[in-house]
Amino acid sequence: MKNTWQTIVGAGAAIAMIASLAGCGSGSASGKTELTFFANNTQDVYQPVIDAFEKKNPDIKIKFSTTNGSQAGYQQTLQTRISGGQLADVYVAPPEQLSDLVKNGAAKDLTNESFMSRIGDTNKAQASVNGKVYAMSITAWTNAYAYNKDLLAKAGYDSIPETWDEFIDMLKALKDAGVEKPYLEPKAGLGALVEGWIGYDSSKQSKSVDQQIGDGDSTFAKSYTKYYKQWAKLFSAGVMGSEVTGLADDQVRSEFAAGRLAVMPSGYWDVNTFKDAGINFAFGRMPMLHKGDTPYAPGAADSGYAINGKIDGAKLKAAESFLDFLSSEEGLKLIQDNIGLIPSTKNYTPDIDETFKEPYDLYLKTGNVYLNTLGWPASGRSALRAETFAQLQQVALGSITPAQATANLDTKLKTLS
């Protein structure tokens, strides 16, 4: 459900304008080198990282910017900045758009930088174009189900069941036990665990389900309909209602933090929020379709940090120093502690919070994570992912069937070809 960080601008016209961009001014009135940094999270979580870097590098001042308080508008804001010639010196570059950024000289080749020796092959591969690495991915993510232990106990449960039908039965039992909100998904994350099911089925084939769709060997209608039908059981069983089509991420998170919601799709980034709320919680597995299926969850290497390919001189040296710091042990610990991302590098072993131990062991330690967009045509990934949520919203409202939703995805894919 880490919906927003995974997608980025899909407007080729805007990307094409990057070629004309130049870095901002090379210094500031204080005589320090000013480095602009644009990220898809809030300043409060990044500030400890920035403070530590500036303390080590007193000749560099970082000017941070983000969207309006959340990750949700990152791709739109990035598009606006690109169109306006305001690309930052260092920025978060999701893999979906990396090839366009590279094509237009907006991302520096990082392949031979010394700090890249700390980065694992999986993270490098996701940030590569034509065999060269253009973004430094230093963390990884996985979805999991956050659950309220006290609410589950009302129905006699102490963990998330292994299979989907068992999970549906648990949600029914929670309702019978008086829990008004057994399960919710946000509107921009509907079908949260479907990717896990697809990931497991893909692991048994030579080519992933989504790569088959992207290559034209299959269709959404042929491949996705069975998964969407399973997900739709939430509504036919009466354990989740159509109100989810109007719920934003923060609204669902607030319900859980307030102790009113039993289960929600979440991730490591919510650990501190739920701890601060003082609720009795943990993170657990995302149920699979059948007993014995290897556990898989939505996840991938995180988007990497890129350097604007148009900067040089003192700005470029400052940018390289910043990436070097971010991938150092000190930087990685600060990123984990403050931003809630899980480091995935060769030089650092993260200390995982006890509440997240089960999904970390099931998914990240094993590599059993899957992201459907990586199999789709690069030029249409953002739009197509948004369309999946839009179609599932219609299923939730009862306006269309799961089969109609997948047929509509095929129609959308044709428009992006």
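Please refer to the structure placed before this passage.
Right, let's walk through the structure included here.

Rules behind the numbers
Residues numbered from 1 in each chain as written. Predicted model: local features only at pLDDT ≥ 70, side-chain atom pairs only at ≥ 80, totals over all residues. Heavy atoms only, no water. Axes fitted to C-alpha atoms, helices over the stretch in contact; angles between N-to-C directions. Helix = DSSP H or I, 4+ residues; strand = E, 2+ residues; numbered from the N terminus. Parallel < 35°, antiparallel > 145°, perpendicular 65-115°, else oblique. Left-handed = near helix turned anticlockwise from the far one by under 90°. Contact = heavy atoms within 4.5 Å. Pairing = 2+ DSSP bridges. Salt bridge = Lys/Arg side-chain N within 4 Å of Asp/Glu carboxyl O. Buried < 20%, exposed > 50% of the residue type's maximum accessible area, 1.4 Å probe, protein only. Core = buried A, V, L, I, M, F, W, Y, C linked by side-chain atoms within 4.5 Å. Phe/Tyr/Trp six-rings, centres within 6.5 Å; stacked < 30°, edge-to-face > 60°. 1 Å grid on protein atoms, 1.4 Å probe; cavity = no way out; pocket = protein on both sides within 12 Å on 5 of 7 lines; lining within 4 Å. Points joined across faces, edges and corners; volume = space filled by probe spheres on them. Nonpolar A, V, L, I, M, F, W, Y, C, P; charged D, E, K, R; others polar.

### Some remarks on the packing of helix α11 (residues 220-231) against helix α18 (residues 381-397)
Move 1: Across the interface, α11 lies against α18 with an axial gap of 12 Å and an inter-helix angle of 45°. Here α18 runs oblique to α11, going by the angle between their axes. The handedness of the crossing between α11 and α18 is right-handed. Between α11, through F220, Y228 and W231, and α18, the contact on the second element is made entirely by L384, T388, L392 and V395.

### Remarks on the sheet that holds strand β7 (residues 144-148)
Move 1: The mixed open sheet is built from 4 strands, whose spatial order is β8-β9-β7-β10. Strand pairing shows two members of the sheet lacking a second neighbour, β8 (181-183) and β10 (281-284), which therefore form its edges. Ignoring which end each strand starts from, the neighbouring axes of this sheet average 25° apart.
Move 2: By the bridge criterion, 4 bridges tie β7 to strand β9 (residues 261-266) in an arrangement that is antiparallel. Opposite A146, over in β9, you have M264 as the bridge partner.
Move 3: With respect to the sheet, helix α8 (residues 164-176) is in contact with β7, β8 and β9, its orientation differing from that of β8 by roughly 175°.
Move 4: Contacts from helix α13 (residues 249-257) reach β7, β8, β9 and β10, with the element oriented near 140° to β9.

### Let's talk about the pattern of salt bridges
Move 1: Per the counting criterion, the structure on display carries 22 salt bridges.
Move 2: Residue K315 pairs with D89 through a salt bridge whose shortest N-O separation is 2.7 Å. Of the two residues, K315 is situated in helix α15 (residues 313-326) and D89 in the loop between α4 (74-83) and β3 (90-93); the sequence distance between them amounts to 226 residues. Each member of the pair, K315 as well as D89, carries the same accessibility label: buried.
Move 3: For the salt bridge of E195 with R385, the shortest nitrogen-to-oxygen distance reads 3.3 Å. Highlighted residues: E195 in helix α9 (residues 194-203) and R385 in helix α18, separated in sequence by 190 residues. Of the two residues examined, E195 and R385, each falls in the buried class.
Move 4: In this structure, a network of salt bridges that share partners links the residues K108, E113 and E320.

### Topic: the environment of P58
Move 1: Summarising the element assignment, P58 is placed in the loop between α3 (43-56) and β2 (60-65).
Move 2: Classification of P58 as exposed rests on a relative accessible area of 54%.

### Things to note about the nonpolar core
Where a protein is soluble and globular, its nonpolar side chains tend to be buried together.
Move 1: Membership of the largest hydrophobic core comes to 74 residues, with the highest contact counts inside it found for Y145, W164, F167, W231, L234, V263 and F274.
Move 2: Per-element tally for this core: the top contributor is α8, with 6 residues.

### Focus: the packing of aromatic side chains
Move 1: Under the defined criterion, the tally for this structure stands at 25 aromatic pairs.
Move 2: Both rings, one in Y145 and one in Y183, keep their centres 5.4 Å apart while their planes meet at 70°; by these two values the pair is edge-to-face. Within this pair, whereas Y145 is found in strand β7, its partner Y183 is found in strand β8, the two being separated by 38 residues in sequence. Side by side, Y145 and Y183 carry an identical accessibility label, which is buried.
Move 3: Clustering of aromatic rings is evident, with ring pairs tying together F37, Y46, F53, F64, Y305, F322 and F325.

### Comments concerning unusual backbone geometry
Move 1: Not every positive phi belongs to a glycine, and N130 is a case in point at roughly 55°.
Move 2: Residue placement: N130 occurs in the loop between β4 (128-129) and β5 (132-133).

### Some thoughts on the sheet that holds strand β12 (residues 304-307)
Move 1: Spatially, 4 strands are ordered β2-β1-β3-β12 in an open sheet, and the strand pairing comes out mixed. Taken across any chain shown, the strands that pair with only one partner, and hence form the sheet edges, are β2 and β12. Shown here is a sheet whose adjacent strand axes are inclined to one another by a mean of 30°, direction ignored.
Move 2: Bridge count for strand β1 (residues 33-38) against β3 is 2 bridges, and the pairing is parallel. Paired with F37 across the two strands is V90, which belongs to β3.

### Focus: the pairing of strand β11 (residues 297-301)
Move 1: For β11, a buried count of 5 out of 5 residues is recorded, marking the element as mostly surrounded by other parts of the structure.
Move 2: Bridging between strand β6 (residues 139-142) and β11 involves 3 bridges; their strand directions are antiparallel. For W141, the partnering residue across the bridge sits in β11 and is A300.
Move 3: The pairing of β11 with strand β14 (residues 369-370) spans 2 bridges and is parallel. Bridge pairing in β14 links A297 to V369.

### Remarks on the layout of surface pockets
Move 1: Taken as a whole, the second largest pocket holds about 550 Å³ of empty space.
Move 2: If you trace the second largest pocket, you find 30 residues lining it, with T122, A140, A301, G367 and V369 closest to the centre.
Move 3: Among the elements of the structure, α6 (121-126), β11, β13 (342-343), α17 (357-364) and β14 are those that each provide at least two residues to the lining of the second largest pocket.
Move 4: A total of 4 residues in the lining of the second largest pocket trace back to one element, the largest contributor, which is α6.
Move 5: Its residues assigned to classes, the lining of the second largest pocket shows 14 nonpolar, 12 polar and 4 charged.

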